[in-house]
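Observations on chain architecture
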Amino acid sequence: MGLRRRGKCGWEENKIRSALEMAVAPIILIGENNFIPCAKFPSMRILFIHSDYIEYEAKERAIKNAEEIEEKRERVEECLVSFISVEEGDSNIIGRVVGEIEDVAEKLNVKTIVLYPYAHLSNKLASPDEAMKVLKELEKELRENYEVHRAPFGWYKSFVISCKGHPLSELSKEIRGEKEEESEALKAEKRTTYWYIMTPDGEFKSVDEFDYKDYPNLKKFVDYEISGTRAVKQIPPHVELMQKLELADYEPGSDSGNMRYYPKGKLIKSLIEDYVESRVLDFGAMEVETPIMYDFNHPSLKSYLNRFPARQYQVLSGKDKYFLRFAACFGQFLLMHDATVSYRQLPIRVYELAKYAFRREQKGELVGLRRLRAFTMPDMHTFAADMEQAKADFKRQYEMAIQVLKDFGLNLGDYEVAIRFTRKFYEENKEFIRSLVELVNRPVLIQMWDERFFYFVLKFEFNFVDAMNKAAALSTVQIDVENAERYGITYYDEKGDKKYPYILHCSPSGAVERVMYAMLEKASMDSKKGIKPMFPVWLSPVQVRIIPVKDEFKEYGDKIMTSLEDEKIRVDLDDRDMTVSRKIREAEREWIPYIVVVGEREVKEGNITVRIRGGDVKTMLVEDLAKIIKEKTKDKPFRKLPLPKYLSMRPKFR
RNA sequence: GCCACCGUAGCUCAGCCGGUGGAGCGCCACCUUGGUAAGGUGGAGGUCGCGGGUUCGAUUCCCGCCGGUGGCUCCA
């Protein structure tokens, strides 16, 4: 759990995971829940294997009073094999054990259960008599709902088992008479991870004691983050919206998680990209472009990638094997490895819009625009001479991220802030952390680690909490203290010595698709609250729709259209053979912010009647409307309408 | 990756127990020329996700695959 969503590039995660896996390897059959001897309560240890088949044969008696048996050999297909160690006092908890076994069997959808006495899971076994009694009792109770086979007790047995190998195929459980205690792994995690809420005045509150009354979203975020609580069963609202608004859609001809974007969706996506790019260039980044695929055998990349090939898309080019990038880190680090940099030039920043970054996420995890296998990641790396410089830039980037999300219509409260750091970093930078919380002036989720698990010592994310109470990270910045060395990225200091810089990983917006997801989810929540859903005007694909009352006013409409277009406003005109109210209804359904109806009155008076989304119907001059829109789209990128201006000429994509 | 549910016209969906399919919207044609959220009439659209099996006969039952969604697992 503590390894969730921690780093942007995953170097350290991978390293840790592999270390964990190696450490666990000799006892891998035992799985995650290590068995902890517990003197106080009776407990039963069970190792479950979801098997294609198991074959066992009784060889010779292991104890004097071994069970009398008729058949020495048995083979069972498609079953849940339960290796069981019966401990002292277990006859009292048979009911719970039956429940647990049935629970697992139901999850795996198996109808056959094999009970296999297995002494080696425990060091305080029950007496053979008691164990026999317990096993027979278990068998009897399970028989009510399942086909049950029981391997003979008290014999040395040979066995062959085929494990299905999916994540749930190996489970271990310790069932206790009293309340469940946490596993050793969880305890270890708890020992080193601390969660708090930090209030704007710099106070640490326990996550359990903090009063969430005014911060319901923070509560949802904390629940999601710490306990992984999921709530409702429902199709995420943004999926329906992205289709209905003709923004994006699934592409059956590609791999899952690779979307198609219709003209309007492509426009919004491009505008978001243009916007983020101009922000980071203003911030002082140099835009670069690096390859999307990398050599598995490159020395800097090889070591960890070989351990996790399944996570990457792989590309065969003749005999050579490449992987598709999952962030822009590699390309930029390899580029900076070859650069010659003086301390006088720091901090320097490189930026790339990683289109796409590829991650072969697990299938069950792909949802609409929230999590994809191919996504667009604005990725900036800052190389800083020392921690002071790194912190200064971190703070500026934090402020930039707030502004960026604001311009997408996402304000503090729409998303929750998480700040994560090591204890050491905190001890040395208490005031700095506090200043970050002060900046947002609201409670923030804090995660602190005793040791540095990851490549960074400090990171923040802004997490959007959606209609289904799931949290998704948007903006993030991390201070990376070890990849410079790993990649051999250096600068020359005052004395001419080579030094490793600190590296800041920054995505001011998060993945572009995810920004779209957040905007759509927010719109959906708005509409539930009775607020008309809409995009910020600068992102609205059509900003003004002109509806002539009759064909004869189309010419006037064209004139209005041209003068608005000259002002760099996206306008179209509904020239279809429909009633006015019908056309208005459709324009409303497209979330168009300004609907202009023109007819006899307007032609005569030389003005327009504007229906403002979420507001009134007002009569004004074209210039007035242009001014309103220019004000709302000030300093934002502009792109032309990528569709025919006349609605009659426009195809339906869905 | 696992489990469950779903996949029928461009879209949203109906179709009980097996006998080659329906509605609304959209599209096309005609009528209607309309003033702020659905004007009328008619018409054309389907290899019922794909591949096997059972059957005289499968959209319907069974198996496999693909895709979507939910949950689990996972999440750089």
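Residues numbered from 1 in each chain as written. Chains lettered and ligands numbered in written order. Predicted model: local features only at pLDDT ≥ 70, side-chain atom pairs only at ≥ 80, totals over all residues. Heavy atoms only, no water.

Considerations on the nonpolar core
Core analysis: the biggest nonpolar cluster contains 78 residues, and Ile 272, Phe 408, Ile 419 and Leu 458 have the highest contact counts within it. Ranked by residues supplied to this core, first place goes to helix α10 (residues 387–407) with nine residues. Setting aside residues up to four positions removed in sequence, Phe 408 forms contacts with Ile 272, Tyr 275, Val 276, Ser 509, Val 515, Met 519, Pro 536, Trp 538 and Leu 539. Membership of the second largest hydrophobic core comes to 27 residues, among which are Val 97, Val 104, Ile 113 and Tyr 146. (Core = buried A, V, L, I, M, F, W, Y, C linked by side-chain atoms within 4.5 Å. Buried < 20%, exposed > 50% of the residue type's maximum accessible area, 1.4 Å probe, protein only. Helix = DSSP H or I, 4+ residues; strand = E, 2+ residues; numbered from the N terminus. Contact = heavy atoms within 4.5 Å.)

Observations concerning the sheet that holds strand β28 (residues 617–620)
Strand order in the open sheet formed by five strands is β25-β24-β26-β27-β28, with mixed pairing between adjacent strands. The sheet terminates laterally at β25 (571–573) and β28, the two strands that pair on one side only. Taken pair by pair, the neighbouring strands of this sheet meet at an average axis angle of 25°, ignoring direction. Where strand β27 (residues 608–612) lies against β28, four bridges are found, and the strand directions are antiparallel. By the bridge assignment for β28, Ile 608 is matched with Met 620. Running at roughly 170° to strand β26 (residues 594–598), helix α18 (residues 622–632) makes contact with β24 (544–548), β26, β27 and β28 of the sheet. (Pairing = 2+ DSSP bridges. Axes fitted to C-alpha atoms, helices over the stretch in contact; angles between N-to-C directions.)

Section: the packing of aromatic side chains
For any pair of aromatic rings, geometry is given as the distance between the ring centres together with the angle between the planes. Per the counting criterion, the structure on display carries 33 aromatic pairs. A ring pair is formed by Phe 421 and Tyr 426, whose centres lie 5.5 Å apart and whose planes are at 15°; its orientation type is stacked. Neither Phe 421 nor Tyr 426 differs from the other in exposure class; each is buried. Chaining the aromatic ring pairs together yields one cluster made of Phe 394, Tyr 398, Tyr 415, Phe 432, Phe 460 and Phe 462. (Phe/Tyr/Trp six-rings, centres within 6.5 Å; stacked < 30°, edge-to-face > 60°.)

Some remarks on the sheet that holds strand β14 (residues 320–324)
Adjacent strands of a sheet pair through backbone hydrogen bonds, lying either parallel or antiparallel. Spatially, three strands are ordered β12-β14-β13 in an open sheet, and the strand pairing comes out antiparallel. In the strand order of this sheet, the two ends are held by β12 (293–295) and β13 (314–317), each with one partner. Taken pair by pair, the neighbouring strands of this sheet meet at an average axis angle of 40°, ignoring direction. The pairing of β13 with β14 spans four bridges and is antiparallel. Following the sheet pairing, Ser 317 is matched in β14 by Asp 320.

A short note on unusual backbone geometry
In this chain, Leu 346 is followed by Pro 347 through a cis amide linkage whose omega measures -5°. Position of Pro 347 relative to the elements: it lies in the loop between α9 (329–337) and β15 (348–358). The omega angle of the peptide bond from Lys 355 to Tyr 356 is 0°, so this bond is cis rather than trans. For Tyr 356, the location among the structural elements is in strand β15. A positive phi angle, near 65°, is found at Asp 635, a position not held by glycine. Checked against the element boundaries, Asp 635 lands in the segment after α18.

Examining a negative patch on the surface
A cluster of acidic residues, Asp 566, Glu 567, Glu 623 and Asp 624, forms a negative patch on the protein surface. Positionally, Glu 567 belongs in the loop between α15 (554–566) and β25. Using a relative accessible area of 38% as the deciding quantity, one classes Glu 567 as partly exposed. (Patch = residues over 30% accessible without salt bridge, like charges linked within 9 Å, V, L, I, M, F, W, Y side chains within 5 Å. Areas by Shrake-Rupley, 256 points an atom, 1.4 Å probe, with all protein chains shown as cover. Salt bridge = Lys/Arg side-chain N within 4 Å of Asp/Glu carboxyl O. Lys, Arg positive; Asp, Glu negative; His and termini not counted. Charge placed at Lys NZ, Arg CZ, Asp CG, Glu CD.)

Concerning the pattern of salt bridges
Counted by the stated rule, this structure contains 48 salt bridges. With a shortest N-O distance of 3.7 Å, Glu 55 and Arg 73 are connected by a salt bridge. You can see Glu 55 sitting in strand β1 (residues 43–61) and its partner Arg 73 sitting in strand β2 (residues 73–86), a full 18 residues away along the chain. Take Glu 55: its relative accessible area is 23%, and that puts it in the partly exposed class. For Arg 73, a relative accessible area of 53% corresponds to the exposed category. Glu 552 is the partner of Lys 550 in a salt bridge, and the nearest nitrogen-oxygen pair spans 3.6 Å. Using a relative accessible area of 47% as the deciding quantity, one classes Lys 550 as partly exposed. Since its relative accessible area comes to 55%, Glu 552 is described here as exposed.

Details of the pairing of strand β7 (residues 193–198)
In this structure, β7 lies alongside strand β18 (residues 444–449), joined through six bridges in antiparallel fashion. Across the sheet, Tyr 194 pairs through a bridge with Met 448, a residue of β18. As paired strands, β7 and strand β8 (residues 204–206) are joined by three bridges and run antiparallel to one another. By the bridge assignment, Met 198 is partnered in β8 with Phe 204. What sits between β7 and β8 in their antiparallel hairpin is a turn of five residues, with Gly 202 showing a positive phi close to 90°.

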